Amino acid sequence: MRKKIIAGNWKMNMTPSEAIALIETLKPLVQTDEADVVFCVPAIDIIPAVEAVKGTNIQIGAENMYFEEKGAFTGEISPAMLTDAGVKYVIIGHSERRQYFAETDETVNKKVKKAFEHGITPIICCGESLTQREQGVTIDFIRQQIKIAFLDVTADQAKTAVIAYEPIWAIGTGKVATTEQAEEVCKAIRACIGEIYDEATAEAVRIQYGGSVSAASAPELFAQKDIDGGLVGGAALKPDFGKIVNYK
Ligand code: PGA
């Protein structure tokens, strides 16, 4: 059985001191043995956040990472910087990074491989636009994103990956995908992993749904066969995140 994984994506919110205060508020609310709980926080919050979650079930993740080891890449953060700081997960290829920071399927693939090389679990984001959904090309588009993201990734690595299916039209809009829409795409992603690798890899990989997840929508979404948890934006900054983690 796959363990659920519920991750918060804080985006560009919370100064270091605000981050510590939020973690103190959320700590008692997100206790569970049934799911992995991850807070993906802004880079500058990582070090105080790792300190603040010591002794709890919370893991700290990053929201981005560069694909080179080190050097003249002003403003970027390397995988070794993240691991040395105590980071276990990194969000790769969020739609906001693709839209505003020109990330492509190719850079996503480079970052995914680099994260695995350093023992960081990537949370690999994919998702269609409203136009793509309306034109009926959602599954084709997502399959392309997945196939390129996993180029030259081994089956053993892929088994430990987390994939976040986030329809762009559902992010930050309050428009959550229907349970059927979310399950249909997550199932197709698992089938695609099965085609690239094998049945065992498809069964092992964890697939999250993201996009306006709330305490109200989480229980039904997370009960779907192919949905192994969520990537949560807005609601991850509120006590509601505790209800999402303990959704049962
Ligand atoms: P949202 O964000 O929950 O605020 O829609 C999700 C995400 O972008 O990861």
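Scroll up to find the structure this text is about.
Below you will find a few notes about this structure. Everything numeric here is computed off the predicted structure, so don't read it as measured data.

Some thoughts on the side chain of Asp45
Inspection of the secondary structure puts Asp45 in the loop between β2 (35-41) and α2 (46-52). Ignoring sequence-local partners within four residues, the contact set of Asp45 consists of Trp10, Asn13, Met14, Thr15, Pro16 and Ala19.

Section: the sheet that holds strand β6 (residues 162-165)
Strand order in the closed barrel made by the eight strands is β1-β2-β3-β4-β5-β6-β7-β8, with parallel pairing throughout. Direction aside, the axes of adjacent strands within the sheet are offset by 25 degrees on average. Summarising the sheet, strand β1 (residues 4-9) and β2 pair through six bridges and their orientation is parallel. Looking across to β2, one finds that Ile5 is bridged to Asp36. The sheet contacts of helix α7 (residues 138-149) involve β5 (121-126) and β6, and relative to β5 the element is tilted by about 150 degrees.

Comments concerning the packing of helix α5 (residues 105-117) against α7
Contact pair α5 / α7: the axes reach a minimum separation of 8 Å and the direction vectors enclose 40 degrees. Relative to α7, the element α5 lies oblique. At the point where α5 passes α7, the crossing takes the right-handed sense. Facing Asp105, Glu106, Val108, Asn109 and Val112 of α5, the residues of α7 in contact are Gln144, Gln145, Ile148 and Ala149. The class makeup of the residues in the contact of α5 with α7 is four nonpolar, three polar and two charged.

What counts, and at which threshold
Residues numbered from 1 in each chain as written. Predicted model: local features only at pLDDT ≥ 70, side-chain atom pairs only at ≥ 80, totals over all residues. Heavy atoms only, no water. Helix = DSSP H or I, 4+ residues; strand = E, 2+ residues; numbered from the N terminus. Contact = heavy atoms within 4.5 Å. Pairing = 2+ DSSP bridges. Axes fitted to C-alpha atoms, helices over the stretch in contact; angles between N-to-C directions. Parallel < 35°, antiparallel > 145°, perpendicular 65-115°, else oblique. Left-handed = near helix turned anticlockwise from the far one by under 90°. Nonpolar A, V, L, I, M, F, W, Y, C, P; charged D, E, K, R; others polar.

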